[in-house]
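# Structural overview for review
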Amino acid sequence: MSKPLIKLKYRDKEFEVPAGMTARDAIKKVGLQPETILAVVEGKLVTDDTILQVGMQVKLIAVISGGAR
Amino acid sequence: MKCRKCGATAAINMRQHKLALCGEHYLEWLPDQCQRFIEKYQMFTRTDKLLVAVSGGKDSLGLWDILHRLGYQADGLYIGLGIEQGYSNESLRCAEAFAQAHGLKLVTVEIEATYGATVPELAEISHRGQGRPCSVCGLNKRYIMNRVAHDGDYTVLATGHNLDDEAAVLFQNTTQWLSEYLVRQSPVLPASRPGLARKVKPLCRIYEREMAAYALLRGIEYIYDECPHAIGSTTIYYKEILNKMEEDRPGAKLQFYLNFLQAKDNGLFALQAAEIELHPCNRCGQPTSAPNDCSFCRLWDKVRQVKGAQLPVTPLPPDLVQIQL
């Protein structure tokens, strides 16, 4: 039986990954660079070793800004 | 993962420092780090009057917040660039909201209202920057920041450049061996000429990720979306490469930057360090290396020729800035 999926919100996109992954692995799985992303679960900033479980509201925050300043 | 200081659940893990902290201790740790770098690089003291360049983003608002918390006298400067898609409107709103919430003074300069054109219009008319307005944007921001600092008797101009910004510029300049730029990259640019403001980068050793975490944990409302013109920029391209290195070797970005500063201190670029001859611009009086008029004045001349008499332009009025609060 396949693992239940959890949703990750990133900007105006939504991804699904299997529950039980760490935030870091989930970020990699959806094709983002872990160094450029912060994970927020239930509105709280978490470290990327946090295990993502069913029912969690997960938001990924991009940290990069750029251009000439 | 647990906070190293109190054992509570950590909010951030900084692999380059082998340090995980909870929100409360992180919000103490980061300003302490900034204070350490302000002292180490002799950026300024508590008697200085600081002007912080504020874009409405996480770095500049985070810097302003940190300086305020550390007890420095720091006003903000917001430059309205007229960037499309609501970017400039939203960035001004964030800057104003922060200033109001903390009772701080924000100086605003709207480029279109003051000089007669938005940055995207300037780029189109001048044909500078290969289809991107980033070059004219940088030129205008540097000029106005220096001008406002000078006119407002600010002794120091602080910008929110973080470690990722510094490492990306360093990487770009190194891959092209642009020694004249490498020699000038530093946490502090002294006010070496009359009319030039002392420029400092208190976040130069703070990762971009750390500044985003700081803004989130402090509840600072910042403009999250990227400047529409920065998407696909070379700075972001180099940041991505460096972040790939960082993923495999935590601390790679920091070591790259710190080893560069060390090499510079050891005289690696001593031959390039000859002083550039500067003199006052014939038109506006700001220091320039150009023979007659500075590049800012020449740029705006081109715009006046194209937009003609319809421009509400006056030559650098003394009431250049509109003080708010």
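Please read these numbers as outputs of a predicted model, since none were measured by experiment.

What counts and what doesn't
- Residues numbered from 1 in each chain as written.
- Chains lettered and ligands numbered in written order.
- Predicted model: local features only at pLDDT ≥ 70, side-chain atom pairs only at ≥ 80, totals over all residues.
- Heavy atoms only, no water.
- Helix = DSSP H or I, 4+ residues; strand = E, 2+ residues; numbered from the N terminus.
- Buried < 20%, exposed > 50% of the residue type's maximum accessible area, 1.4 Å probe, protein only.
- Rg over C-alpha atoms; globule rule 2.2 N^0.38 Å.
- Lys, Arg positive; Asp, Glu negative; His and termini not counted.
- Charge placed at Lys NZ, Arg CZ, Asp CG, Glu CD.
- Core = buried A, V, L, I, M, F, W, Y, C linked by side-chain atoms within 4.5 Å.
- Contact = heavy atoms within 4.5 Å.
- Axes fitted to C-alpha atoms, helices over the stretch in contact; angles between N-to-C directions.
- Parallel < 35°, antiparallel > 145°, perpendicular 65-115°, else oblique.
- Nonpolar A, V, L, I, M, F, W, Y, C, P; charged D, E, K, R; others polar.
- Right-handed = clockwise from strand over helix to strand, strands pointing away.
- Pairing = 2+ DSSP bridges.

Turning our eyes to something else, we now look at the overall build of chain A. Looking only at helices and strands, one finds 1 helix and 5 strands in chain A. Principal-axis analysis of the C-alpha atoms gives chain A an extent of 50 × 20 × 20 Å. Expressed as a percentage of the 69 residues in chain A, the buried residues total 55%.

Of the regular secondary structure elements, chain B holds 12 helices and 11 strands. Relative to the compact-globule value of 20 Å for 325 residues, chain B shows a C-alpha radius of gyration of 20 Å, a close match. When each of the 325 residues of chain B is scored for burial, the buried share is 55%. The average position of the 36 basic charges and that of the 36 acidic charges among the side chains of chain B differ by 5 Å.

Among soluble globular proteins, nonpolar side chains are generally buried collectively. In this structure, Tyr-26, Phe-44, Trp-64, Leu-67 and Trp-300 of chain B are the most contacted members of the largest nonpolar core, which totals 104 residues. Residue contributions to this core peak at 8 residues, all from helix 6 (residues 134–151) of chain B. Here Trp-64 of chain B is in contact with Val-52, Val-54, Ala-74, Asp-75, Gly-76, Ala-95, Phe-98, Ala-99, Leu-104, Lys-105 and Leu-106 of chain B, once residues within four sequence places are set aside. In terms of nonpolar packing, the next biggest core, distinct from the first, is built from 20 residues, Leu-8, Ala-19, Ile-27 and Leu-60 of chain A among them.

Here the focus is helix 9 (residues 208–218) of chain B. All names here are of chain B. Counting buried positions along helix 9 gives 8 out of 11 residues, so the element sits mostly inside the fold. Where helix 9 is concerned, the buried positions are Glu-208, Arg-209, Glu-210, Met-211, Ala-212, Ala-213, Tyr-214 and Ala-215. Looking one or two places after helix 9, you find Gly-219, whose phi comes out positive at around 70°.

Attention now goes to the packing of helix 7 (residues 163–175) of chain B against helix 10 (residues 234–248) of chain B. The relative placement of two packed helices is expressed as an angle between their axes plus a distance between the axes. All names here are of chain B. Interhelical geometry of helix 7 versus helix 10 gives an angle of 100° and a closest axis separation of 9 Å. With respect to helix 10, the axis of helix 7 lies roughly perpendicular. Contacts between helix 7 and helix 10 involve Asp-164, Asp-165, Ala-167, Ala-168, Phe-171, Gln-172 and Thr-175 on the former and, on the latter, Thr-234, Thr-235, Tyr-238, Lys-239, Ile-241, Leu-242 and Asn-243. Looking at side-chain class alone, the contact of helix 7 with helix 10 contains 6 nonpolar, 5 polar and 3 charged residues.

This paragraph deals with the pairing of strand 4 (residues 73–80) of chain B. Side chains on a regular strand alternate between the two faces of the sheet. Residue and element names in this part refer to chain B. Along strand 4, 7 of the 8 residues are buried, which leaves the element largely enclosed by surrounding structure. Assessed by its sense of winding, the connection that carries the chain from strand 3 (residues 49–53) through helix 2 (residues 58–69) to strand 4 is right-handed. Relative to strand 5 (residues 106–110), strand 4 runs parallel, the two sharing 5 bridges. In the strand pairing of strand 5, Gly-76 is matched with Leu-106. The parallel pair strand 4 and strand 5 is bridged by helix 3 (residues 87–102), and the resulting crossover is right-handed.

So, about the pairing of strand 3 (residues 37–41) of chain A. All names here are of chain A. Among the 5 residues in strand 3, 5 count as buried, and that is most of the element. Where burial is concerned, the two faces of strand 3 agree: the one with Ile-37, Ala-39 and Val-41 and the one with Leu-38 and Val-40 are both buried. Across 5 bridges, the pairing between strand 3 and strand 5 (residues 58–62) is antiparallel. For Leu-38, the partnering residue across the bridge sits in strand 5 and is Ile-61. Pairing analysis gives 3 bridges linking strand 3 to strand 4 (residues 44–46), with the strands arranged antiparallel. Note that in strand 4 the partner of Ala-39 across the bridge is Val-46. Hairpin connection from strand 3 to strand 4: 2 residues lie between these consecutive antiparallel strands, with Glu-42 at a positive phi of about 50°.

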